[in-house]
Amino acid sequence: MQIEGRLKQSFSDGLETVKIINVETIYSNYDKPNKTIFNTYAMIHFLSQNISSKQATAIGLLAVALWSFVISLIRSLSLHMGAVGGAAMMYTLSTILIWLIFGRPHLRNYNRSYLFWASVFFVGCELCLSLSVGFAQNARQAVEIGMVNYLWPTFTIVGAVYFNKQPSKWWIVIGFVLSFFGIATVLGGDVGLSVSGIYHNVRTNPGGYIMAFVDAVLWAAYCTLTARVKAEGSSVGFFFALVSILLWIEYFLSGANTLNFDTVSIGYAVAAAACMGLGYAVWNIGISRGNLTVLAGASYFIPVLSAVVSSFVISAPLSMTFWQGAGMVCLGSIVCWLATRKKRMA
């Protein structure tokens, strides 16, 4: 988280690149959980059907807040359980939470080709996100890596325009350039937009920055593919299970012994899993019944909100140049989004 937190199929809905799916259709592709203690399916279904548009929008906005905590929580969890062990624990708990809420996905409802490539893109994206942040050398680097990941909204819109023939204005190029200049400013460190500054900063942990960039590309590919085939339902629970399995395999093969089950470690694991899993749940309510324009616009501020949270949670020292770069990333995404919006008929 996700949310996580990446972050997910529903985001592309907000970009007007994915078919809007009625919540009843979503749940029809799932097994309703049998008698659970809290009957979460019934609760989510009731909320999604018996609230106003404004209330649904407010609930959906909670996802933005939850996902803003993902980067800092992944970083904190990695310090207590290791990068791989912590990620495996987080995705395992998220999988359990998502399955409790949505039930077991019916994979037979999906085209095999789509399921294969969507699995590759989604799983690769989540592995890159969690490991790049987990292996960061310090708090500031974790936030910088997270910022590179937030290029995905721009890439998603470009993919929608190029592959899915989404209509757009010529000034979408301005948003694309703004986003990249923003990332360049962030990666330049205290010196700002500087080629030498970027080089010296990135070479301290090239693998982490490369994985973050690949993460953004893979998530954009996943959103573009889902829009292209108009896949209905939500297969997030299946994808999360795949991520969990692969991480546990990597953890046990590496012979690592980094898992700690003290109160603090478990607390970080539960918090990270909740931010990812619950983020998906409340976001689905928002896109089903709420105002998509408001939700999509709010999602573009996650980079700044995530940086603000990280500056407190993991005490990341962030300079003024960082905030300038983060602002440019947000602005670039918003410009791209506006360039693809359809004019409303009077």
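Preceding block: the structure.
Each value, and the rule that gives it
- Residues numbered from 1 in each chain as written.
- Predicted model: local features only at pLDDT ≥ 70, side-chain atom pairs only at ≥ 80, totals over all residues.
- Heavy atoms only, no water.
- Axes fitted to C-alpha atoms, helices over the stretch in contact; angles between N-to-C directions.
- Helix = DSSP H or I, 4+ residues; strand = E, 2+ residues; numbered from the N terminus.
- Parallel < 35°, antiparallel > 145°, perpendicular 65-115°, else oblique.
- Contact = heavy atoms within 4.5 Å.
- Nonpolar A, V, L, I, M, F, W, Y, C, P; charged D, E, K, R; others polar.
- Patch = residues over 30% accessible without salt bridge, like charges linked within 9 Å, V, L, I, M, F, W, Y side chains within 5 Å.
- Areas by Shrake-Rupley, 256 points an atom, 1.4 Å probe, with all protein chains shown as cover.
- Salt bridge = Lys/Arg side-chain N within 4 Å of Asp/Glu carboxyl O.
- Expected span 1.5 Å × (residues − 1).
- Buried < 20%, exposed > 50% of the residue type's maximum accessible area, 1.4 Å probe, protein only.
- Core = buried A, V, L, I, M, F, W, Y, C linked by side-chain atoms within 4.5 Å.
- Phe/Tyr/Trp six-rings, centres within 6.5 Å; stacked < 30°, edge-to-face > 60°.
- Polar contact = N/O pair within 3.5 Å; in protein donor to acceptor, adjacent residues only side chain to side chain.
- Left-handed = near helix turned anticlockwise from the far one by under 90°.

1. Here's the deal with the packing of helix 8 (residues 139–149) against helix 10 (residues 172–187)
Two numbers describe how helix 8 lies on helix 10: the axes approach to 10 Å, and their chain directions differ by 170 degrees. For the element pair helix 8 / helix 10, the angle class is roughly antiparallel. Note on element contacts: helix 10 touches helix 8 through Ile183, Val186 and Leu187, opposite Arg140, Glu144, Met147 and Val148. Its residues assigned to classes, the contact of helix 8 with helix 10 shows five nonpolar, no polar and two charged.

2. Examining a nonpolar patch on the surface
A cluster of nonpolar residues, Phe69, Val308, Phe312 and Val313, forms a patch on the protein surface that exposes about 360 Å² of accessible area. Summarising the element assignment, Phe312 is placed in helix 16 (residues 302–313).

3. Considering helix 4 (residues 53–67)
Counted at 1.5 Å a residue, the expected span for helix 4 with its 15 residues is 21 Å, and the 22 Å between its end C-alpha atoms agrees. The set of residues buried in helix 4 consists of Ala56, Thr57, Ile59, Gly60, Ala63, Val64 and Trp67.

4. Some thoughts on the nonpolar core
Tyr222 and Leu247 are the most contacted members of the largest nonpolar core, which totals 84 residues. Considering each element in turn, this core owes the most residues, eleven residues, to helix 7 (residues 112–134). Once residues within four sequence positions are removed from consideration, Leu247 is found in contact with Val84, Ala87, Ala88, Tyr91, Leu127 and Leu131. Core analysis: the next-biggest nonpolar cluster, separate from the first, contains seven residues, Ile172, Ile334, Trp337 and Ala339 among them.

5. Observations concerning the pattern of salt bridges
Taken as a whole and judged by the stated rule, the model has one salt bridge. Between Glu144 and Arg140 there is a salt bridge whose closest N-O contact spans 2.9 Å. Of the two residues, Glu144 and Arg140 are both situated in helix 8; the distance of four residues between them amounts to about one turn of the helix. With respect to burial, Glu144 and Arg140 carry one shared label: buried.

6. Examining the packing of aromatic side chains
Overall, the coordinates contain 14 aromatic pairs when judged by the stated rule. For the ring pair Trp248 and Tyr251, a centre distance of 5.9 Å and an interplane angle of 90 degrees mean the geometry is edge-to-face. Residue Trp248 and its partner Tyr251 are both found in helix 13 (residues 236–254); the two are separated by three residues, about one turn of the helix. Looking at Tyr251, the relative accessible area reads 5%, which means it is buried. The rings of Tyr91, Phe122, Trp219, Tyr222, Phe238, Phe239 and Phe240 are connected pair by pair, giving a single aromatic cluster.

7. Details of helix 6 (residues 83–102)
Each full turn of the α-helix corresponds to 3.6 residues, which orients residues three or four apart in the same direction. Compared with an ideal rise of 1.5 Å per residue, which puts 20 residues at 28 Å, helix 6 spans 28 Å between its outermost C-alpha atoms and is within 8% of the ideal. Among the 20 residues in helix 6, 14 count as buried, and that is most of the element. Residue Gly103 follows helix 6 closely and has a positive phi angle near 85 degrees.

8. A short note on the side chain of Ser72
The residue Ser72 is located in helix 5 (residues 70–81) in this model. We classify Ser72 as buried; its relative accessible area is 0%. Within the structure, the side chain of Ser72 is placed 3.0 Å from the backbone oxygen of Phe69, a separation counted as a polar contact. Contact partners of Ser72, with chain neighbours within four places excluded, come to Val309, Ser310, Val313 and Ile314.

9. Some points on the packing of helix 5 against helix 6
For any two helices packed against each other, one specifies the inter-axial angle together with the distance between the axes. Where helix 5 contacts helix 6, the axes come no closer than 7 Å and their chain directions differ by 120 degrees. On the basis of the axis angle, helix 5 is oblique to helix 6. Every pair of crossing elements has a handedness; the one defined by helix 5 and helix 6 is right-handed. Within the contact between the two elements, helix 5 uses Ile74, Leu77, Ser78 and Met81 and helix 6 uses Ala83, Gly85, Gly86, Met89 and Met90. Across the contact of helix 5 with helix 6, the residue classes break down as six nonpolar, three polar and no charged.

10. Topic: the environment of Leu151
Mapped onto the elements of the fold, Leu151 is located in the loop between helix 8 and helix 9 (152–162). In contact with Leu151, other than residues within four places in its own chain, are Ser179, Phe180, Ile183, Phe213 and Ala216.

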